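# Coordinates in review
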Amino acid sequence: METVKFYFDPISPFAWLATKQIARIEAAGVRVEMQPILFAAMLNAHGQKGPAEIPAKKELTFRDVMRQAKAQGLRFVGPPGHPFNPLTALRMASAIGDNGERQRFVTALFAAIWEDGLNPHDAAALASVAERCGLNGAALLDAAGTPAIKQALADNTEQAIAAGIFGVPSFVYQGELFWGADRIDSLLRRIAGERIDEAQLTVFLAQPPLAQRR
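Everything quoted here is computed from the prediction, not taken from an experiment.

### Observations regarding the sheet that holds strand β4 (residues 176-179)
Read across the open sheet, the four strands follow the order β2-β1-β3-β4; overall the sheet is mixed. The sheet is open, and its two borders are formed by β2 (31-36) and β4, each paired with just one other strand. Averaged over all adjacent pairs, the angle separating strand axes in this sheet is 25 degrees, with direction ignored. In the packing of helix α6 (residues 99-114) onto the sheet, the strands contacted are β1 (3-8) and β2, and the crossing angle to β2 comes to about 65 degrees.

Structural data, given as structure tokens:
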């Protein structure tokens, strides 16, 4: 079965919206593989600020998220503060070896944060999410603090950056990147066999810029 890699960080409300589409993606005959990565490291790598660090963009982001959530019949509550530190949650996800179990935990985690208002800094609450998924929450918390799991998340993030991933949520299918929860329809068309003219794209990208920002 073909694989779609889903790169996520629970800090992104758009990644939350994307988790609601996993079943739809898998219905196209592919397996969605959950890939935890640290969005902040990507921002650092590209010298960028996150949307929540730009006041006007933060407001626009959450207006858009609330509007999309309402259109999909989803309850939006959000965490008690944003941005937040997602490391413990990401490391817990990284410690889950089985993709099905990881998908179950991640989906429940996003729902707990964005629909129920869970504080991602509350370790006990994170463990409870894991327990509700049939996992050992205490063991996952312990694993999240180990050097091996910390390094696994760091490595996964670095590999994603090297592969051209620059934001979350991102999906990769057969080496092609689809960025954003609003690109899932494009992803599904690609899975169905639709392709762009790669030669035309290559020619266009090879053209020199007509101006550069100073």
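### A short note on the side chain of Gln35
With respect to the element layout, Gln35 can be found in strand β2. Among the polar contacts listed, one links the side chain of Gln35 to the side chain of Asn156, at a separation of 3.3 Å.

### Overview of the packing of aromatic side chains
Throughout the structure, instances matching the rule amount to eight aromatic pairs. Here Phe62 and Phe76 contribute two aromatic rings whose centre-to-centre distance is 6.3 Å and whose plane-to-plane angle is 50 degrees, an arrangement assigned as tilted. Remark: Phe76 occurs in the loop between α4 (55-71) and α5 (87-94) and Phe62 occurs in helix α4; sequence separation between them is 14 residues. Members of the aromatic cluster, joined through ring pairs, are Phe6, Phe8, Phe110 and Phe171.

### A closer look at α6
Across its 16 residues, α6 extends 22 Å between first and last C-alpha, which sits within 8% of the 22 Å expected from 1.5 Å per residue. Turning to α6, its buried residues number three or more, namely Asn99, Arg102, Gln103, Phe105, Val106, Leu109, Phe110, Ala111, Ala112, Ile113 and Trp114. Its side-chain oxygen at 3.1 Å from the backbone nitrogen of Gly100, Asp98 defines the N-terminal cap of α6.

### A short note on the packing of α6 against helix α7 (residues 123-132)
One way to put it is that α6 packs onto α7 with a least axis distance of 9 Å and a crossing angle of 130 degrees. Considered as vectors, α6 and α7 are oriented oblique to each other. For the element pair α6 and α7, the recorded crossing hand is right-handed. Contact with α6, carried on its side by Phe105, Ala108, Leu109 and Ala112, involves Leu126, Val129, Ala130 and Arg132 of α7 and no other residues of that element. Residues belonging to the contact of α6 with α7 are distributed by class as follows: seven nonpolar, no polar and one charged.

### Re the side chain of Arg102
With respect to the secondary-structure elements, Arg102 resides in helix α6. No salt bridge is formed by the buried Arg102; the nearest opposite charge belongs to Glu33, separated by 6.6 Å. In this structure Arg102 touches Met34, Pro36, Ala93, Ser94 and Ile96, once residues within four positions along its chain are discounted.

### What about unusual backbone geometry?
The general pattern is negative phi for most residues beyond glycine and trans for most peptide bonds. The omega torsion across His82 and Pro83 is 5 degrees, close enough to zero to call that bond cis. With respect to the helices, strands and loops of the structure, Pro83 is situated in the loop between α4 and α5. Geometrically, the link from Val168 to Pro169 is a cis peptide bond, its omega value of -5 degrees lying close to zero. In this fold, Pro169 is placed in the loop between α9 (147-162) and β3 (170-173). Despite not being glycine, Gln174 has its phi angle at roughly 50 degrees, a positive value. Structurally, Gln174 can be placed in the loop between β3 and β4.

Rules of the game
Residues numbered from 1 in each chain as written. Predicted model: local features only at pLDDT ≥ 70, side-chain atom pairs only at ≥ 80, totals over all residues. Heavy atoms only, no water. Pairing = 2+ DSSP bridges. Helix = DSSP H or I, 4+ residues; strand = E, 2+ residues; numbered from the N terminus. Axes fitted to C-alpha atoms, helices over the stretch in contact; angles between N-to-C directions. Contact = heavy atoms within 4.5 Å. Polar contact = N/O pair within 3.5 Å; in protein donor to acceptor, adjacent residues only side chain to side chain. Phe/Tyr/Trp six-rings, centres within 6.5 Å; stacked < 30°, edge-to-face > 60°. Expected span 1.5 Å × (residues − 1). Buried < 20%, exposed > 50% of the residue type's maximum accessible area, 1.4 Å probe, protein only. Parallel < 35°, antiparallel > 145°, perpendicular 65-115°, else oblique. Left-handed = near helix turned anticlockwise from the far one by under 90°. Nonpolar A, V, L, I, M, F, W, Y, C, P; charged D, E, K, R; others polar. Lys, Arg positive; Asp, Glu negative; His and termini not counted. Salt bridge = Lys/Arg side-chain N within 4 Å of Asp/Glu carboxyl O.

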